[in-house]
Amino acid sequence: MARSNHPWLCVPLMLFAAAAGCGGDFQLGEVSGVVSLDGEPLSGASLYFQPQRQGEGLMVGPPSIGVTDERGHYTLKTSEGSYGAVVGPHKVSISTFESRMVDPKNSDRVETVSKERVPARYRAPSELTFTVSPSGSSEADFDLTTR
């Protein structure tokens, strides 16, 4: 049976997995709300909640994603499929831009499905933040303006 002479090779891989937020046991709070632009519901917007590092820990947890309906309402799910977002502070990005590849053999050939309606300051990198509490929030509302 062959035996590895380099057990230290596992350490960088374990650190990478930890830094990426994989495999942790994170407390989630359910999050929903409404997004509006200039006072009107913003439909078809994608929200991306990225947990921020707290303290000295390497693991921050998985991001959460939501999409607004015709009333601007959204509910978050983690990238792993659980409802909610990791408890703690998040950077929040919102966008309505969507594209798709026209030719799977040529990634440069894309078509716009939905144009961007959200001002740049709310997209990545964004000035928006939200802190998820252990009890969650049904009022994680974002009132965006074009001015």
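Note: the structure precedes this text.
Draft legend 1. Representation of the pattern of salt bridges in the model. By the definition in use, this model includes three salt bridges. In this structure, Arg 71 engages Asp 69 in a salt bridge whose closest nitrogen and oxygen atoms are separated by 3.2 Å. The exposure class of Asp 69 is partly exposed, given its relative accessible area of 23%. A salt bridge links Arg 121 to Glu 127, with the shortest nitrogen-to-oxygen separation between them at 4.0 Å.

Draft legend 2. Inspection of the side chain of Ser 93 at higher detail. Mapped onto the elements of the fold, Ser 93 is located in strand E9 (residues 88–95). You can call Ser 93 buried: its relative accessible area is 16%. Residue contacts for Ser 93: discarding those within four places in its chain leaves Ser 46, Leu 47, Tyr 48, Tyr 122, Arg 123, Ala 124 and Ser 126.

Draft legend 3. Expanded view of the packing of aromatic side chains. Taken as a whole and assessed by the stated rule, the structure comprises four aromatic pairs. Look at Phe 49 and Tyr 74: their rings are 6.5 Å apart centre to centre, the planes differ by 40 degrees, and that puts the pair in the tilted class. With Phe 49 in strand E4 (residues 46–51) and Tyr 74 in strand E6 (residues 73–75), this pair connects stretches of sequence that are 25 residues apart. For the pair shown, Phe 49 and Tyr 74 are each scored as buried.

Rules used throughout
Residues numbered from 1 in each chain as written. Predicted model: local features only at pLDDT ≥ 70, side-chain atom pairs only at ≥ 80, totals over all residues. Heavy atoms only, no water. Salt bridge = Lys/Arg side-chain N within 4 Å of Asp/Glu carboxyl O. Buried < 20%, exposed > 50% of the residue type's maximum accessible area, 1.4 Å probe, protein only. Helix = DSSP H or I, 4+ residues; strand = E, 2+ residues; numbered from the N terminus. Contact = heavy atoms within 4.5 Å. Phe/Tyr/Trp six-rings, centres within 6.5 Å; stacked < 30°, edge-to-face > 60°.

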